[in-house]
Amino acid sequence: MHPHDEPVADRRLSRIHRFGAGLCALLLLAFGALGLADGLPFFGTHGEHVAGLSSNGLLSVVSIGTAAVLLTAALLGGRAASTVTIVVGTLFVLSGFVNLALLETSANLLAFRLPNVLFSFAMGLLIATFGMYGRISGGLPHDNPYWRRRHPEAVATATAVPAVPAVGPAVRRAALPGDRG
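In this report, we go over the structure that sits alongside the text.

Conventions and cut-offs
Residues numbered from 1 in each chain as written. Predicted model: local features only at pLDDT ≥ 70, side-chain atom pairs only at ≥ 80, totals over all residues. Heavy atoms only, no water. Helix = DSSP H or I, 4+ residues; strand = E, 2+ residues; numbered from the N terminus. Buried < 20%, exposed > 50% of the residue type's maximum accessible area, 1.4 Å probe, protein only. Axes fitted to C-alpha atoms, helices over the stretch in contact; angles between N-to-C directions. Parallel < 35°, antiparallel > 145°, perpendicular 65-115°, else oblique. Left-handed = near helix turned anticlockwise from the far one by under 90°. Contact = heavy atoms within 4.5 Å.

Below, the discussion takes up unusual backbone geometry. If you check the backbone angles, E104 has positive phi at about 60° while not being a glycine. Among the structural elements, E104 can be located in the loop between α3 (78-102) and α4 (114-132). Assessed through its relative accessible area of 66%, E104 is described here as exposed. Phi is positive for A111, which is not a glycine, with a value near 55°. Position of A111 among the secondary structure elements: in the loop between α3 and α4. The class for A111 is buried, based on a relative accessible area of 0%.

Here you go:
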């Protein structure tokens, strides 16, 4: 199916998923590029300040890699972009918890500090929200592509054309030959 053949609701949702993945990818790409441009040590556990956050070379490379995944999702669009952004957002939140436990230890390989943890939580929620938009809700409209995929029987019933038109009380049947009065 070509993108222009998709129903309008599918294209609207795809645009939102693409925009969210692309926007977050650009933010991460800028952060990673600034870290690499500063020539930060690759495995420093204390890190240097980049854009208000602590970073090292490894975190810069991870940020650029994550940005590449999100940009790929933005190019794919649709369900793929939604799924990728939900997964990446969830991984960001989990990373925040893991790195919160690793603060001030020698295992802090990404040089996280508390602002990094808070950024990880906020960015993870933002990315996941873009992915969940129009997909996860109890009150999705009936033209939503995800609702249609979950309720194929309702879609089939709504699009089926009845074989015999319904006859209301105001419509009378024409008398046929042989009918009694």
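Following both chains from N to C, one finds α3 and α4 inclined at 160°, their axes separated by 7 Å at the closest point. As summarised for this structure, α3 and α4 are arranged roughly antiparallel, according to the angle between their axes. Where α3 crosses over α4, the handedness of that crossing is left-handed. Judged by residue contacts, S82, T85, I86, V88, G89, F92, V93, S95, G96, F97, N99 and L100 of α3 engage L114, V117, S120, F121, M123, G124, L125, I127, A128, F130, G131 and M132 from α4.

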